[in-house]
Amino acid sequence: MYIDSHCHINFPEIANNLEEILANMRANEVSHALCVSVDLDKFPEILALAESHDNIYASVGVHPDYELENEPAQAELVRLAQHPKVIAIGETGLDYFRLQGDLEWQRKRFRTHIRAAVETNKPLIIHTRSASADTLRLMQEEGASRVGGVMHCFTESMEVALAAIDMNFYISFSGIVTFKKALELKEVARHIPLDRILIETDSPYLAPVPFRGKLNQPAYVKHVAEEIAKLRGITVEEVGKATSANFKQLFLH
Ligand SMILES: [Zn+2]
Ligand SMILES: [Zn+2]
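In this text, all values refer to a predicted model and were calculated from it rather than measured experimentally.

1. A closer look at the packing of helix α8 (residues 183-191) against helix α9 (residues 221-232)
- Contact geometry for α8 and α9: axes closest at 8 Å, N-to-C directions at 75 degrees. By the criterion of interaxial angle, the relationship of α8 to α9 is roughly perpendicular. Residues Lys186, Ala189, Arg190 and His191 of α8 touch α9, and the partners they reach there are Glu227, Ile228, Leu231 and Arg232.
- Considered class by class, the residues forming the contact of α8 with α9 number three nonpolar, one polar and four charged.

Printed below as a string of structure tokens:
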């Protein structure tokens, strides 16, 4: 059995095919999926999905790429996180690739999310792009290791992976690890401890090989597991078993 630790099945690209997506999960032994929040406007949608499906979980948070007039307050994140199907805070983090200029608001928002996670004792889902040094620094300064979490859709170096693991975080690989040119990332997936690895689709984007360029869905997470198994010289079942146990250890303990 496999668990997709990060997807956006409420996004309009795939939300209309929900029944088909759930059926494909069953057919591909994907037992659960975590539907990750990107802004508070769409959070009710995610929560409704989680409430109506036993095997779908939700998170609450505002993505670093969303410039807003009203910043999410720590108290609001804490309040929304009280629901039993809300198992994480995020996605949050820093993205200096998609946005440039004075991004102090992004760092401030990231700190708010870490504080909400610490207050609720729920793990963090962290997005980092072209911003690894600041991401690690803020995690350190705010004591993110007290709750831990996951570095989602990981594309950074071995050094960054090990620094995050040191802070009680898991490393989640997406379809990017199946891409031919992702050589450095494949090395990370080969060498970090198996008990620190999660798998995800980040669907509807980033479909793994052999679906690259097409719409992604949680059922495809098996292809991420297959790539990791190949890299580590173990069976895909072992990767499924370990990553599902890791998911439960992090989010459902
Ligand atoms: Zn992300
Ligand atoms: Zn995402």
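2. Looking at the coordination of the zinc ion (ligand 2)
- Donor atoms from the polypeptide that bind the zinc ion (ligand 2) are His6 (NE2), His8 (NE2), Glu91 (OE) and Asp202 (OD), placed at 2.1 to 2.6 Å.
- One can describe the site at the zinc ion (ligand 2) as irregular: its four donor atoms subtend angles covering 84 to 176 degrees at the metal.
- Every donor residue of the zinc ion (ligand 2) comes from the same chain, spaced as H-x1-H-x82-E-x110-D.
- A spacing of 3.5 Å is found between the zinc ion (ligand 2) and the zinc ion (ligand 1), which share glutamate 91 as a donor. Placement of histidine 8 in the loop between β1 (2-7) and α1 (12-15) and of aspartate 202 in the loop between β8 (197-199) and α9 is noted, with a sequence separation of 194 residues between them.

3. Quick notes on unusual backbone geometry
- In this structure, the amide linkage connecting glycine 90 to the following residue, glutamate 91, adopts the cis form with an omega of 15 degrees.
- With respect to the secondary-structure elements, glutamate 91 resides in strand β4 (residues 86-95).
- That bond from serine 203 to proline 204 is cis: its omega, 15 degrees, falls within 30 degrees of zero.
- Tracing the backbone through its elements, the reader meets proline 204 in the loop between β8 and α9.
- We note that asparagine 121 has phi near 60 degrees; this positive angle belongs to a residue other than glycine.
- Within the element layout of this structure, asparagine 121 appears in the loop between α5 (104-120) and β5 (124-129).
- Unusually for a residue other than glycine, cysteine 153 sits at a positive phi of about 45 degrees.
- Structurally, cysteine 153 can be placed in the loop between β6 (149-151) and α7 (158-166).

4. A closer look at the packing of aromatic side chains
- One pass over the full model with this rule turns up four aromatic pairs.
- Geometrically, the ring pair formed by tyrosine 57 and phenylalanine 247 is tilted, given 6.3 Å between the ring centres and 40 degrees between the ring planes. Here phenylalanine 247 lies in helix α10 (residues 236-251) and tyrosine 57 lies in strand β3 (residues 56-60), a separation of 190 residues in the sequence. Of the two residues examined, tyrosine 57 and phenylalanine 247, each falls in the buried class.
- Consider the rings of phenylalanine 211 and tyrosine 220, whose centres lie 3.9 Å apart with planes at 5 degrees: the pair is stacked.
- An aromatic cluster of at least three residues, connected via ring pairs, comprises Tyr57, Phe247 and Phe251.
- Lying over the aromatic face of phenylalanine 97, arginine 129 brings its terminal NZ or CZ to 3.7 Å of the ring centre.
- Lying over the aromatic face of tyrosine 170, arginine 196 brings its terminal NZ or CZ to 4.2 Å of the ring centre.

The rules behind these values
Residues numbered from 1 in each chain as written. Chains lettered and ligands numbered in written order. Predicted model: local features only at pLDDT ≥ 70, side-chain atom pairs only at ≥ 80, totals over all residues. Heavy atoms only, no water. Axes fitted to C-alpha atoms, helices over the stretch in contact; angles between N-to-C directions. Helix = DSSP H or I, 4+ residues; strand = E, 2+ residues; numbered from the N terminus. Parallel < 35°, antiparallel > 145°, perpendicular 65-115°, else oblique. Contact = heavy atoms within 4.5 Å. Nonpolar A, V, L, I, M, F, W, Y, C, P; charged D, E, K, R; others polar. Donors = N, O, S within 2.8 Å, 3.2 Å for Na, K, Ca; no water. Tetrahedral: all angles 85-135°; square planar, octahedral: opposite > 155°, others 65-115°. Phe/Tyr/Trp six-rings, centres within 6.5 Å; stacked < 30°, edge-to-face > 60°. Buried < 20%, exposed > 50% of the residue type's maximum accessible area, 1.4 Å probe, protein only. Lys NZ or Arg CZ within 6 Å of the ring centre and 35° of its normal.

Keep in mind these numbers describe shape, not what the thing actually does.
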